Amino acid sequence: MTASGTSPSRSTDTDTDPQGRPRLRRGLKMLGTLFITLSATTPASSVFIISPGVVSQAGTGAFWALAVAGVVGVFMALVYAELSSAFPLSGGEYAITARALGKLPGFVVLGLILVTQLLIVAVIALGVGTYLEVLFPHLDVAVTAAVTTLLATALAVFDIKLNAWVTGIFLAIEMVALIVVSALGFLHPKRSLGDLIAHPVAAAASGSTVTAVGVGTIGAATAVAIFAYNGYGSAVYFGEETTDAPRNISRTILWALGITVFAELIPTTAVLIGAPNLPSLFSAGNMMKYFITATSNSTVNDAISLAVVVAIFNAVLAIILVTARMVFSTGRDAAWPGPASRALAAVHPRFGSPWIATILTGVVSAGFCFADDTFLLVVTSTTIIAVYAALALSSIAGRRNGSTAHAAYRMPAWPLAPVLALGAIGYVVYENFQDPKVGRPSLWTTIGIAVVSAAYYLIVVRRRGAWELQGAEDA
């Protein structure tokens, strides 16, 4: 479906549509799309970089936070699957929302997701320096992250099928690292799973003991846990490059969510069960290094650290591939002044990739690697929650107004998934508002980005004439 409700002619493998507008080259199979999507969710990077943040906030209650986030993920994966089946577009969430809810909400989602994606690259890339310290103790973390981002950008310019194979190989390496971490915890348990479930504890004020952790703290940590799983919906960005996209993209999303939850929840649980001393784990500057060295030796830690570096590079590459396609879509939809939009919509004549959008994405993300860590955390913590809310509402609106009636996949027990997802999102937002250090500033930042995006749309885009909303909806 196009914005006007008519169906365009079916895509071919050329780089322009029948009207001469640029489009991406189709050639990915479902497995290739799954490799890139899983790399974007980055299970190993999440376990080693993001999950420690959940543990530092909720202690062993991190198990509950990750489990609840997984349930929310199921709801959202069903929502993503149906919407992506209806609109398998490189614009992703903003293109979907604009067609189901309207152009203004769609542009607000564009602002939120654009900022989030560019910053997420920096958040992930900053982990490279931490884990390369095993070989180079005096690395500059920000410079290392920026160089990593630029190297990934250079690779992302090439053919998407090549990148699918590269991410698949790197993904196998990071999965081996997660299996080793899981084995270290489960083979030498210091506490039971029942303890984690029935008696969650976190660091006490003194730091040398633990204390019971409440439901509110676990709820606040769930927002970070949701962020740790984020990325399974990235499959939609490759809808214009995947064969039989209406069916294969929805399947990819559901598979990606299931694999991601297990690949992150199991090793994190193993760490909580197998850590020799919980206060030492909670207070460690590098939780995973403490756990691995305490349960094995420095050689194992060095090997796993290098595997994590590979995982981080893989994640940076995958997220740049994802973000570049969204940036390409904004240019094709004429979201910016004419020359800028035309440049961003350029497709490389040999590789079939959005090469200018890819380079711009990488350069901007590399610049964010020098931003303050707290700034990155504040901006990215709740923007994804707002995007999830917009998608849940889009799935309800799409059923009511018929804009998603042509979807090849229909979620079961509708509207249970979007309604429950909205309820969970509301609870997470409430708990975040109780946190004055990160949660509350993050919520206000999200509102600020939404207001600026809405103002740009109303003052610039709408007054200019029309937001074109192009794309191969019959992908």
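Above this text you will find the structure in question.
Residues numbered from 1 in each chain as written. Predicted model: local features only at pLDDT ≥ 70, side-chain atom pairs only at ≥ 80, totals over all residues. Heavy atoms only, no water.

Some details on the pattern of salt bridges
By the definition in use, this model includes 5 salt bridges. D244 is the partner of R247 in a salt bridge, and the nearest nitrogen-oxygen pair spans 3.7 Å. Owing to a relative accessible area of 39%, D244 belongs among the partly exposed residues under this scheme. (Salt bridge = Lys/Arg side-chain N within 4 Å of Asp/Glu carboxyl O. Buried < 20%, exposed > 50% of the residue type's maximum accessible area, 1.4 Å probe, protein only.)

Comments concerning unusual backbone geometry
Residue P415 is bonded to the preceding W414 through a cis peptide linkage, with omega at 5°. In this structure, P415 sits in the loop between α18 (383-401) and α19 (416-433). Positioned with a positive phi, A334 is a non-glycine residue whose angle comes to about 60°. Relative to the elements of secondary structure, A334 occurs in the loop between α14 (298-332) and α15 (338-344). (Helix = DSSP H or I, 4+ residues; strand = E, 2+ residues; numbered from the N terminus.)

Observations regarding the environment of A315
Position of A315 relative to the elements: it lies in helix α14. Here the alpha-carbon distance between A315 and V363, two residues 48 residues apart in the chain, equals 16 Å.

Some words on α14
For α14, with 35 residues, the first-to-last C-alpha span of 51 Å sits near the 51 Å given by 1.5 Å per residue. Most of α14 is tucked away: 28 of the 35 residues are buried. A334 occupies a position one or two residues after α14 and carries a positive phi of about 60°. (Expected span 1.5 Å × (residues − 1).)

With respect to a nonpolar patch on the surface
Nonpolar side chains collect at one region of the surface, where W64, V68, L193 and I197 lie side by side and expose about 310 Å² of accessible area between them. Every element with two or more residues in the nonpolar patch is listed here: α3 (62-86) and α9 (193-198). In this fold, I197 is placed in helix α9. For I197, a relative accessible area of 35% corresponds to the partly exposed category. (Patch = residues over 30% accessible without salt bridge, like charges linked within 9 Å, V, L, I, M, F, W, Y side chains within 5 Å. Areas by Shrake-Rupley, 256 points an atom, 1.4 Å probe, with all protein chains shown as cover.)

Digging into the side chain of S341
Mapping S341 onto the fold places it in helix α15. Not counting chain neighbours up to four residues away, the residues in contact with S341 comprise T330, G331, R332, A334, A335 and W336. (Contact = heavy atoms within 4.5 Å.)

A short note on the packing of aromatic side chains
A complete count under the given rule lists 10 aromatic pairs for this structure. Ring geometry for F63 and W64: centres 6.2 Å apart, planes at 75°, overall edge-to-face. With a centroid separation of 6.2 Å and 90° between ring planes, the pair formed by Y80 and Y388 is classed as edge-to-face. Here Y80, found in helix α3, pairs with Y388, found in helix α18; they are 308 residues apart in sequence, far enough to count as distant. Among the residues examined, Y80 registers a relative accessible area of 2% and is labelled buried. Seen from the ring of F433, R440 lies directly overhead, with NZ or CZ sitting 4.8 Å from the centre. (Phe/Tyr/Trp six-rings, centres within 6.5 Å; stacked < 30°, edge-to-face > 60°. Lys NZ or Arg CZ within 6 Å of the ring centre and 35° of its normal.)

Some points on the packing of helix α2 (residues 43-58) against helix α10 (residues 215-229)
In the contact formed by α2 and α10, the axes pass within 8 Å of each other and the chain directions differ by 175°. One element, α2, and the other, α10, form an angle in the roughly antiparallel class. In contact with S46, I50, V54, Q57 and A58 of α2, α10 contributes T217, I218, A220, A221, V224, A225, F227 and A228. Residue composition of the contact of α2 with α10, by class: 10 nonpolar, 3 polar and no charged. (Axes fitted to C-alpha atoms, helices over the stretch in contact; angles between N-to-C directions. Parallel < 35°, antiparallel > 145°, perpendicular 65-115°, else oblique. Nonpolar A, V, L, I, M, F, W, Y, C, P; charged D, E, K, R; others polar.)

Treat this as a map of the structure, not an account of what it does.
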